[in-house]
Amino acid sequence: MTKIYLLALVVVYNFCFSAGISMNGVSTIPPVLNIGAVFSLNSTIGKVAKVAIEAAVEDVNSNPAILGGTKLKLTVHDTNYSRFLGMVEGPQFSVIAHLVSHIANEFQVPLLSFAATDPSLSSLQYPFFVRTTQSDLYQMAAIADIVDYFGWRNVIALYVDDDHGRNGIAALGDKLAEKRCRLSHKVPLSPKGSRNQIIDTLLTVSSMMSRILILHTYDIWGLEVLNAAKHLRMMESGYVWIVTDWLSSILDTDSQLHSEKMDDIQGVLTLRMYTQSSEEKRKFVTRWRHLTRKNTLNGPIGLNSFGLYAYDTLWLLAHAIGAFFDQGGNISFSEDSKLSELSRGDMRFSSMSIFNGGKMLLDNILQVNMTGVTGPIKFTSDRDLINPAYEVINVIGTGSRRIGYWSNHSGLSVVPPEALYKEPSNRSASSQHLYSAVWPGQTTQKPRGWVFPNNGRHLRIGVPSQVIYPEFVAQGKGTDKFSGYCIDVFTAVLELLPYAVPYKLVPFGDGHNSPKRFDLLRLVSEEVYDAAVGDFAITTERTKMVDFTQPYIESGLVVVAPIKKLNSNAWAFLSPFTPKMWCVTGIFFLVVGVVVWILEHRLNDDFRGPPKRQIGTILWFSFSTLFFSHKERTVNSLSRLVLIIWLFVVLILTSSYTASLTSILTVEQLSSPIKDIQSLVASSDPIGYQRGSFAENYLTDELNIDKSRLVPLNTAEEYEKALTDGPKNGGVSAVIDERAYMEVFLSTRCEFSIIGQEFTRIGWGFAFPRDSPLAVDMSIAILELSENGDLQRIHDKWLTRSACSSQGTKQEADRLHLKSFWGLFVLCGLACLLSLLIYLIQIVRQFARHYLDLQELESAGRSSQSSRLQTFISFAGEKEVVIKNLSKKRKLERASTGDIDKDKSTDGDLNGSC
């Protein structure tokens, strides 16, 4: 993009020569300030900026409140696209912008730019450079968000090979990386390249896989690139073109763009710097037609965003100069000793001086806080304008359509950014929205974003030369054909893809030893192979190198060891429960019997009698509940509650016991000295594993097993021999391998079995280079293959197990442990305690009510008085109805005694009166 600069450097020097400088280099506030502007008047931005700046000068001069009566005088220099003139008079391209910024730093003169978007110009290397427009850093962030929104992962960048292009694309690469996207290719375009060179470059791009093309160049040259792309049929369905804001500037400036040029850009996405709607902007847009009335020789000139920023830039500078003078600033210079030393002959470097007020003027520029036609104007701590935002434009027909907005605050949205500034920033995927777009080829269907290039090249698919289990992968002898479960799944998945995939299966390994899967995956990550198909377990370490598809089979590491059959014995009926379980169950039988006896003893005659009878009743009642055959009835509500909960516990216990005993007596039981992976790790016996699998690293790194204990095995026969020989005869005590392999191995070998459960949960997938789009499509196809049942049919074809396998998987039955039933026992225990507590409270209350009556009765029947505790024990052991009758009898006796005493008192009174 053409670079246009408004130079405070030019302001200072023109002022100095027009106002005159005293011998000490100091001047007072002048009546006229000369403003210099350097750009190409024939450029898309230059012809708009000239009109905008002239209008701004007129408006500033008509407002005495800005500069206190000082007038601005504009001088425009036309470089006519000349880089040499741009270097002498002012910067035009980015490479010159860097040079002029160095000069501005040397003379300490602020340099303002309303069109320099190169993000590297904002670095600390250029402290006197001030950008009064949006940086390409934000434009590239917007493009990265668009790419991520549509789900694309690889893009190709075409850019002009200079500072402007290179720095912009470098920023794009960083922003794409933040979205886990990748700039797969950077394609530079020579600024002086011919059409043939452009065509050759585009032909190279068309042979690449990605169809997402980012074009970052200049306005006068970008249309030529798009025209060449149209000629090469690269503007048809399947392609995506996203170009930077130079295209929106052309569309805004030249409203009558030739129809042939419009045909070249159909379906293209571009960005436009967003400026808020306001009354100031509306008035300026309305005024624009009047301002450009004299410049209609080549058609009307439209107003683009750079014109708005040019207008605001001059106002910003005017405000800063006014504040500079208000703070007592003046124009003074001092000699640069470095330049004086370089003066030779006609080279009068000594006439150039350092602006003493440069730092003060720079501070005033950065502190400006105003509202212009572009909206609020204020600088951040990084010297960027606040609230960077863009419009997303889609070129359609004879014009364009806005499909959304992008802002640094909220990302992509379909509402203006200022409506979201009051809300918290939300960059979640669900909050990102754009309207539908029309893509090249006049289609509204979102392009996939990549294709297989039509260059005759087949994908090289690496396949491990599997020699252990041909059911998974096997190569035909003397041929390049493969068969097996993994191969059938791969070919079935390819048939579900909506496009053809040319490929060639390439064997990896020597055909004798099982190759290391890690080595093959490393070659895939280095793109020696385009993919890898086979029995690849998806592990954390491997996912750091390659991308895997959705797993097409579940697997996991298991322990396989020799087993022996267990014969039944006379005490087999004790096997379902562990000794602890038997003890706790027996104790609870007795506890429940005692609790029920306590609750029923005072009310129920079935639970009364001599001590021997009561003990027998407790034992009989407790154990008869095992068969639900207890004949004693219960009358206490609390005992009934306890009994209901206990009968539920007994039901669960008997059901579990019956099921476990049935399994023990009817299913063949097998035993192994190894119980699980923990017992194997704790031992010192050698362990076998499949050579080349990830099991070796897992055993050493995760389980900390010494490498000297590990024995690599290559064939199923070696597995069998090592397990049969055992550790005492040079073999192994167990083999650790993936379940998928072991199920095939055990299908014909009933003397071995899987011990315990899987101790890892993994799956197998196909491997592709990182960020490969084919991996995503393959994953979707695998899910579809699983849903329609074809994946299971392929599994049954290759991996159906025989009867021996199903017999061999039954290990020694797990006995029923207390931990499986402790909840039931706790529930029953709480019911017993609660019932006893309630019963005790009731007894205490009754005892307190009948205590005096009992005390008198006890005194009448005994020669010595008993203690209160003995009385309470007697009370608790006595039948409740007896206590009530005694208490009632005592009350009647008291009542009759009271009547006699009353009669005697009455007789005495009568005798006295006589």
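Throughout, residues of each chain are indexed from 1 in the direction in which the sequence is written. At least 70 in pLDDT is required for a residue's local features to be given in this predicted model, at least 80 for side-chain atom pairs to be given and counted, and no such filter applies to totals for whole chains, interfaces and linings, which use all residues. Side-chain numbers come from the whole structure's heavy atoms, not from hydrogens or water.

A separate point is the overall build of the chain. A run of H or I in DSSP counts as a helix once it spans at least four residues, and a run of E counts as a strand once it spans at least two, with each numbered from the N terminus. Of the regular secondary structure elements, the chain holds 31 helices and 34 strands. Burial classification: accessible surface area is computed with a 1.4 Å probe over protein chains only, and a residue below 20% of its type maximum counts as buried, one above 50% as exposed, and the rest as partly exposed. Put simply, the chain has 914 residues, and 51% of those count as buried. By definition, residues are in contact when any of their heavy atoms lie within 4.5 Å. Counting contacts in the chain only where the partners sit at least 6 residues apart, residues at least 24 apart contribute 74% of the total. Only the protein chains shown count as cover for residues, and the accessible areas themselves come from Shrake-Rupley with a 1.4 Å probe. Carbon and sulfur atoms provide 55% of the accessible area of the chain, an area that totals close to 44,000 Å².

What follows is about helix α6 (residues 136-149). What a helix should span is 1.5 Å times the count of its residues minus one. End to end, α6 covers 20 Å across 14 residues, agreeing with the expected 20 Å (1.5 Å per residue, within 8%). Most of α6 is tucked away: 11 of the 14 residues are buried. When α6 is considered as a whole, its buried residues turn out to be Asp136, Tyr138, Gln139, Met140, Ala141, Ala142, Ile143, Ala144, Asp145, Ile146 and Val147. We call two N or O atoms a polar contact when they sit within 3.5 Å, provided that within protein one can donate a hydrogen and the other can accept it, with sequence-adjacent residues counted only if both atoms are side-chain atoms. Structurally, the start of α6 carries an N-cap: the backbone nitrogen of Leu137 is 3.1 Å from a side-chain oxygen of Ser135. Phi turns positive, to about 80°, at Gly151, one or two residues after α6.

Attention shifts here to the nonpolar core. Formed by 90 residues in total, the largest nonpolar core has its most connected members in Phe284 and Trp288. The greatest single-element share of this core, amounting to 14 residues, is contributed by helix α13 (residues 305-326). Those residues within four positions of Phe284 in sequence are excluded, and the remaining contacts are Ala55, Leu291, Leu303, Leu308, Tyr311 and Val373. Counting 75 residues, the second largest nonpolar core, distinct from the first, contains Val559, Ile677, Ile687 and Phe766. As used in this record, nonpolar core signifies buried Ala, Val, Leu, Ile, Met, Phe, Trp, Tyr and Cys residues forming a set joined through side-chain atoms within 4.5 Å.

Moving on to the sheet that holds strand β26 (residues 557-562). Strands pair in a sheet through their backbones, by hydrogen bonds, and they do so in one of two ways: parallel or antiparallel. Two strands make a pair as long as DSSP finds a minimum of two bridges between them. Spatial ordering of the open sheet is given by β30-β29-β31-β26-β32, a layout of 5 strands whose pairing is mixed. Each end of this open sheet is capped by a strand with a single partner; those strands are β30 (710-713) and β32 (752-755). Ignoring which end each strand starts from, the neighbouring axes of this sheet average 35° apart. Set on the sheet, helix α23 (residues 695-702) makes contact with β26, β29 (687-690), β30 and β31 (734-738); between it and β30 the angle comes to about 170°. To obtain each axis, a line is fitted to C-alpha atoms, and for helices this fit is confined to the stretch in contact; angles are then taken between N-to-C directions over 0 to 180 degrees.

Below, the discussion takes up empty space enclosed by the protein. Cavities and pockets were defined on a 1 Å grid built over protein atoms only: a cavity is a set of grid points that admits a 1.4 Å probe from which the probe cannot escape, a pocket is an open set flanked by protein on both sides within 12 Å along at least five of seven lines, and lining residues are those with an atom within 4 Å of any such point. Grid points are joined across faces, edges and corners, and a volume is the space filled by probe spheres set on the points. Tallied over the entire structure, the rule returns 5 cavities of 30 Å³ or more. Of the volumes computed, that of the largest cavity is approximately 140 Å³. Along the walls of the largest cavity sit 15 residues, with Tyr274, Thr374, Pro376, Ile386 and Asn387 positioned nearest its centre. Amino acids outside the nonpolar list (Ala, Val, Leu, Ile, Met, Phe, Trp, Tyr, Cys, Pro) and the charged list (Asp, Glu, Lys, Arg) are all regarded as polar, and Gly is one of them. Grouping the constituent residues of the lining of the largest cavity by class yields 9 nonpolar, 5 polar and 1 charged.

Close approach of charged atoms lets side chains of opposite charge pair. The rule for a salt bridge is simple: a side-chain nitrogen of Lys or Arg has to be within 4 Å of a carboxyl oxygen of Asp or Glu. As enumerated under the stated definition, the model contains 28 salt bridges in all. Two residues, Lys707 and Glu696, come together in a salt bridge whose shortest N-O distance is 3.7 Å. Taken together, the positions of Lys707 in the loop between α23 and β30 and Glu696 in helix α23 put the pair 11 residues apart, joining distant regions of the chain. Overall, the relative accessible area of 56% leaves Lys707 in the exposed class. The exposure class assigned to Glu696 is buried, which follows from its relative accessible area of 16%. One salt bridge in this structure joins Glu758 and Arg739, with 2.5 Å as the shortest N-O distance.

Our next topic: the pairing of strand β9 (residues 212-216). Counting buried positions along β9 yields 5 of 5 residues, so the element is predominantly enclosed. Of the two faces of β9, both are covered, the one formed by Ile212, Ile214 and His216 as well as the one formed by Leu213 and Leu215. Where strand β7 (residues 154-160) meets β9, 4 bridges bridge the pair, whose relative direction is parallel. Bridge pairing in β9 links Ala157 to Ile214. With 4 bridges connecting them, β9 and strand β10 (residues 240-243) associate as parallel partners. Opposite Leu213, over in β10, you have Trp241 as the bridge partner. A crossover gets the label right-handed when its path from the first strand over the helix to the second runs clockwise, viewed with the strands pointing away from the viewer. The parallel pair β9 and β10 is bridged by helix α9 (residues 219-231), and the resulting crossover is right-handed.

Take the environment of Leu226 next. Secondary-structure assignment places Leu226 in helix α9. C-alpha separation for the pair Leu226 and Val243, spaced 17 residues apart in sequence, amounts to 9.9 Å. Setting aside anything within four residues of it in sequence, one finds Leu226 in contact with Leu215, Met235, Trp241, Trp246, Asp264 and Ile265.

With respect to the helices, strands and loops of the structure, Asp737 is situated in strand β31. Just so you know, the count uses Lys and Arg for positive and Asp and Glu for negative, and it drops His and the chain ends. No salt bridge is formed by the buried Asp737, whose closest oppositely charged neighbour, Arg517, lies at an N-O distance of 8.1 Å. Among all residues touching Asp737, those that are not within four sequence positions of it are Gly556, Leu557, Val558, Gln690, Tyr719 and Met742.

Before going further, it helps to examine a nonpolar patch on the surface. Patch construction takes residues with relative accessible area above 30% that form no salt bridge. Like charges are linked within 9 Å, and nonpolar side chains (Val, Leu, Ile, Met, Phe, Trp, Tyr) are linked within 5 Å. Judged by side-chain polarity, Trp571, Phe573, Leu574 and Trp582 come together as a nonpolar surface patch covering roughly 410 Å² of accessible area. Relative to the assigned elements, Leu574 resides in the loop between β27 (564-566) and α19 (579-600).

Let us look at helix α12 (residues 279-291). Relative to the 18 Å expected for 13 residues at 1.5 Å per residue, α12 spans 18 Å between its end C-alpha atoms, a close match to the ideal helical length. Among all positions of α12, only Lys281, Phe284, Trp288 and Leu291 are buried. If you follow the buried residues of α12, they end up packed against α2 (44-61) and α13.

Attention now goes to the packing of aromatic side chains. Any two of the Phe, Tyr and Trp rings considered here, Trp counted by its six-membered ring, make a pair once their centres fall within 6.5 Å; the pair's planes then place it as stacked at under 30 degrees, edge-to-face at over 60, or tilted in between. Enumeration over the complete set of coordinates arrives at 30 aromatic pairs. Taking the centre distance of 5.2 Å and the plane angle of 45° together, the rings of Tyr741 and Trp764 count as tilted. Taken together, the residues span a long stretch of sequence, with Tyr741 in helix α25 (residues 739-746) and Trp764 in strand β33 (residues 762-764) at a distance of 23 residues. For Tyr741, a relative accessible area of 1% gives the class buried. Look at Trp764 and you get buried, because its relative accessible area is 0%. Any Lys NZ or Arg CZ that is within 6 Å of a ring centre and within 35 degrees of that ring's normal is treated as a charge sitting over the ring. For Arg448, the ring lying beneath its charged end belongs to Trp450, and the centroid distance is 4.9 Å.

Attention now goes to the environment of Lys446. Secondary-structure assignment places Lys446 in the loop between β18 (411-413) and β19 (459-464). Remark: the alpha-carbon pair of Lys446 and Val240, spanning 206 residues in sequence, is separated by 9.2 Å. If near-sequence neighbours (up to four positions away) are discounted, Lys446 is found in contact with Phe150, Trp152 and Trp439. At 2.7 Å, the side chain of Lys446 and the backbone oxygen of Phe150 are in polar contact.

Moving on, we get to the sheet that holds strand β16 (residues 389-396). One open sheet holds the 8 strands; their spatial order is β8-β7-β9-β10-β11-β16-β17-β18, and the pairing between them is mixed. If you trace the sheet from one side to the other, it starts and ends with β8 (182-189) and β18, each paired once. On average, each strand axis in the sheet is tilted by 30° relative to the strand beside it, whichever way the strands run. Where β10 meets strand β11 (residues 269-273), 2 bridges bridge the pair, whose relative direction is parallel. Counterpart to Ile242 in the pairing with β11 is Leu269.

This part covers the confidence of the model for the chain. On average, residues of the chain carry a pLDDT of 82, and 81% of them reach 70 or more. For every residue, the pLDDT score states the predictor's confidence, bounded by 0 at the bottom and 100 at the top. Residue range residues 82-93 is modelled with pLDDT below 50. Its contacts to residues more than four positions away, or to other chains, number 37 contacts.

All right, on to the packing of α2 against α13 then. Running from N to C, α2 and α13 point in directions that differ by 35°, and their axes come no closer than 8 Å. Both α2 and α13 take part in a crossing whose hand is right-handed. Across the interface between the two elements, Ile45, Val48, Ala49, Ala52, Ile53, Ala55, Ala56, Val57, Asp59 and Val60 from α2 touch Phe306, Gly307, Ala310, Tyr311, Leu314, Trp315 and Ala318 from α13. Residue composition of the contact of α2 with α13, grouped by class: 15 nonpolar, 1 polar and 1 charged. Two helices cross in a left-handed way if the nearer one is turned anticlockwise from the farther one by less than a right angle. They cross in a right-handed way if the turn is clockwise.

Position of Gly69 relative to the elements: it lies in the loop between α3 (64-67) and β4 (71-78). Once the C-alpha coordinates of Gly69 and Pro31 are considered, the two residues, 38 residues apart in sequence, prove to be 7.2 Å apart. What Gly69 contacts, discounting residues up to four positions off in sequence, is Pro31 and Pro64.

Attention now moves to unusual backbone geometry. The residue Gln108 is not glycine, and still its phi comes out positive at about 55°. Mapping Gln108 onto the fold places it in the loop between α5 (94-107) and β5 (111-113). You will see that Arg233, though not glycine, has its phi angle at about 60°, which is positive. For Arg233, the location among the structural elements is in the loop between α9 and β10. A relative accessible area of 58% means that Arg233 is categorised as exposed.

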